[in-house]
Structures are given as structure tokens and as C-alpha cells.
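Single-letter residue listing:
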Amino acid sequence: MVTNEQKETLKQAATDMLAHAYVPYSHFQVGAAILTTDGEIYSGCNIENSSYGLTNCAERTAIFKAVSEGHTEIEYMVVTGNTEGPIAPCGACRQVISEFSHPDTPILLTNQNGDEQETTIKDLLPGAFKSSDMD
Ligand SMILES: O=c1ccn([C@H]2C[C@H](O)[C@@H](CO)O2)c(=O)[nH]1
Ligand SMILES: [Zn+2]
């Protein structure tokens, strides 16, 4: 369970990440924050590269920070950017979110105008490839 106070903290953490976005090519800042099931918060920004395909999105930065510290289960996730409506995570991030969450794990997509859409990874990535597909 995530409290309203935790949601606000996560929204602020995601927004704070916009300032750290390394975006000399797109100039499009993205921030993400996750609460792990063991109560830790990790946040991340997008990090671009002159070899464009090596760019790491904000969502994956936040998740990889958490996983690298031993926290592998997402309880709640917030993503934000300067989009017209709530931001839409890319396909690669949807797959990575799927690896470290449950189908009903809530994901709050926002923007800097206060628009919000709370969704789930099963809605964002129906038919995700899972480890069980290899059984
Ligand atoms: O949900 C998204 C969508 C895009 N980006 C980044 C990747 C790249 O740096 C820039 C433009 O695609 O935005 C993210 O970090 N997350
Ligand atoms: Zn992405």
C-alpha cells in the first residue's frame, strides 16, 4: 500500500530529477521515481549519449538504481516530463517495468501541468514477455 504522503514524495522526487536529466540532444527532460516493496525510494533521469541508441530513459535509470542496491520489487512508480498530457513510457521501459513489478502494480503517469493518469503495467504492456514464457 502506498499512502498519499508517499505519492506526493514520489511525485516530488520524479520532478526533482528533471534538473538532472542529461539531454544535450533531445532537450527533453524526464524524471521517474519508484517506491520499492521494502519501503525505499529511488529516482532517476534520462541520460543521453552522442551514440543516440545508448540513451537510458528515466524509468530504467530509477529501476536499475534500485535493483543494483538489492531492491527488485516496485510497489509504486511515478514518471513525469514536460508533455502535453501524461507522459507515455517507451516500449523498452514497459518491458523493464514488467520484470520488476506485478501486473496490477500502479504506475502514475504525469506531466508538469498536473495532469495524471494512474495505470498498471498490464494495461501498458499486455502480453509482456515473462520469465514464465521460458518454462
Ligand atoms: O518515457 C520516456 C520517454 C522518453 N524518455 C527519454 C529518452 C530520450 O532521452 C528522450 C527523447 O526520447 O526522452 C524517457 O526517459 N522516458
Ligand atoms: Zn524508456
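Residues numbered from 1 in each chain as written. Chains lettered and ligands numbered in written order. Predicted model: local features only at pLDDT ≥ 70, side-chain atom pairs only at ≥ 80, totals over all residues. Heavy atoms only, no water.

**Student:** What exactly am I supposed to notice about the side chain of Asn 111 here?
**Tutor:** Structurally, Asn 111 can be placed in the loop between strand E4 (106–110) and strand E5 (116–120). On the basis of relative accessibility, which here comes to 5%, the residue Asn 111 falls in the buried class. A polar atom in the side chain of Asn 111 sits 3.4 Å from the backbone oxygen of Gly 85. A polar atom in the side chain of Asn 111 sits 2.8 Å from the side chain of Asp 115. Once residues lying within four places of it in the same chain are set aside, the contact partners of Asn 111 are Thr 80, Gly 81, Thr 83, Glu 84, Gly 85 and Pro 86. (Helix = DSSP H or I, 4+ residues; strand = E, 2+ residues; numbered from the N terminus. Buried < 20%, exposed > 50% of the residue type's maximum accessible area, 1.4 Å probe, protein only. Polar contact = N/O pair within 3.5 Å; in protein donor to acceptor, adjacent residues only side chain to side chain. Contact = heavy atoms within 4.5 Å.)

**Student:** Would you mind showing me how to read the packing of aromatic side chains here?
**Tutor:** The description of an aromatic ring pair rests on the distance of the ring centres and on the angle between the ring planes. A full pass over the atoms with the stated rule returns 1 aromatic pair. Taken together, a centroid distance of 5.4 Å and an interplanar angle of 45 degrees make the contact between Tyr 25 and Tyr 52 tilted. Of this pair, Tyr 25 sits in the loop between helix H1 (4–17) and strand E1 (30–36) while Tyr 52 is found in the loop between strand E2 (41–45) and helix H2 (58–68), placing the two residues 27 residues apart along the sequence. Using a relative accessible area of 37% as the deciding quantity, one classes Tyr 25 as partly exposed. (Phe/Tyr/Trp six-rings, centres within 6.5 Å; stacked < 30°, edge-to-face > 60°.)

**Student:** Just checking my understanding: could you explain the sheet that holds E4 for this structure?
**Tutor:** What links the strands of a sheet is backbone hydrogen bonding, and the strands pair in either a parallel or an antiparallel sense. Pairing within the open sheet is mixed, and its 5 strands lie in the order E2-E1-E3-E4-E5. Every other strand in the sheet has two partners, leaving E2 and E5 as the edge strands with one partner each. Pairs of neighbouring strands in the sheet enclose a mean axial angle of 15 degrees, with direction left out of account. Two elements, E4 and E5, share 5 bridges in a ladder whose sense is antiparallel. Along E5, the bridge assignment pairs Thr 110 with Glu 116. Across the sheet, H1 touches E1, E2, strand E3 (74–81), E4 and E5, and the angle it forms with E1 is around 145 degrees. (Pairing = 2+ DSSP bridges. Axes fitted to C-alpha atoms, helices over the stretch in contact; angles between N-to-C directions.)

**Student:** So what exactly am I meant to see when it comes to the coordination of the zinc ion (ligand 2) here?
**Tutor:** Tetrahedral coordination by four donors places them ideally at 109.5 degrees to one another around the metal; octahedral coordination by six donors ideally gives 90 or 180 degrees. Protein-derived ligands of the zinc ion (ligand 2) are Cys 57 (SG), Cys 90 (SG) and Cys 93 (SG), with the metal-ligand distances lying across 2.2 to 2.3 Å. Ordering the donors of the zinc ion (ligand 2) by residue number gives the pattern C-x32-C-x2-C. You can see Cys 57 sitting in the loop between E2 and H2 and its partner Cys 90 sitting in the loop between E3 and helix H3 (91–99), a full 33 residues away along the chain. For Cys 90, a relative accessible area of 31% gives the class partly exposed. (Donors = N, O, S within 2.8 Å, 3.2 Å for Na, K, Ca; no water.)

**Student:** Any chance you could explain the site of ligand 1 here in plain terms?
**Tutor:** Inspection of the region around ligand 1 gives Ser 26, Phe 28, Val 30, Asn 46, Glu 48, Thr 55, Cys 57, Ala 58, Glu 59, Ala 88, Pro 89 and Cys 90 as its neighbouring residues. Between ligand 1 and the protein, one listed contact pairs an oxygen atom with a side-chain N or O atom of Glu 59 at 2.6 Å. Taking 370 Å² as the accessible area of ligand 1 by itself, protein coverage stands at 78%. (Near = heavy atom within 4 Å. Areas by Shrake-Rupley, 256 points an atom, 1.4 Å probe, with all protein chains shown as cover.)

**Student:** Where do I start with the pattern of salt bridges in this structure?
**Tutor:** Pairing between side chains becomes possible if they bear opposite charge and their charged atoms approach one another. Considering all chains together, one arrives at 4 salt bridges under this definition. Notably, a salt bridge pairs Lys 7 with Glu 118, separated by 3.4 Å at the nearest N-O pair. A residue pair is termed long-range when its members are at least 10 positions apart, and Lys 7 in helix H1 and Glu 118 in strand E5 qualify at 111 residues. For Glu 118, a relative accessible area of 46% gives the class partly exposed. (Salt bridge = Lys/Arg side-chain N within 4 Å of Asp/Glu carboxyl O.)

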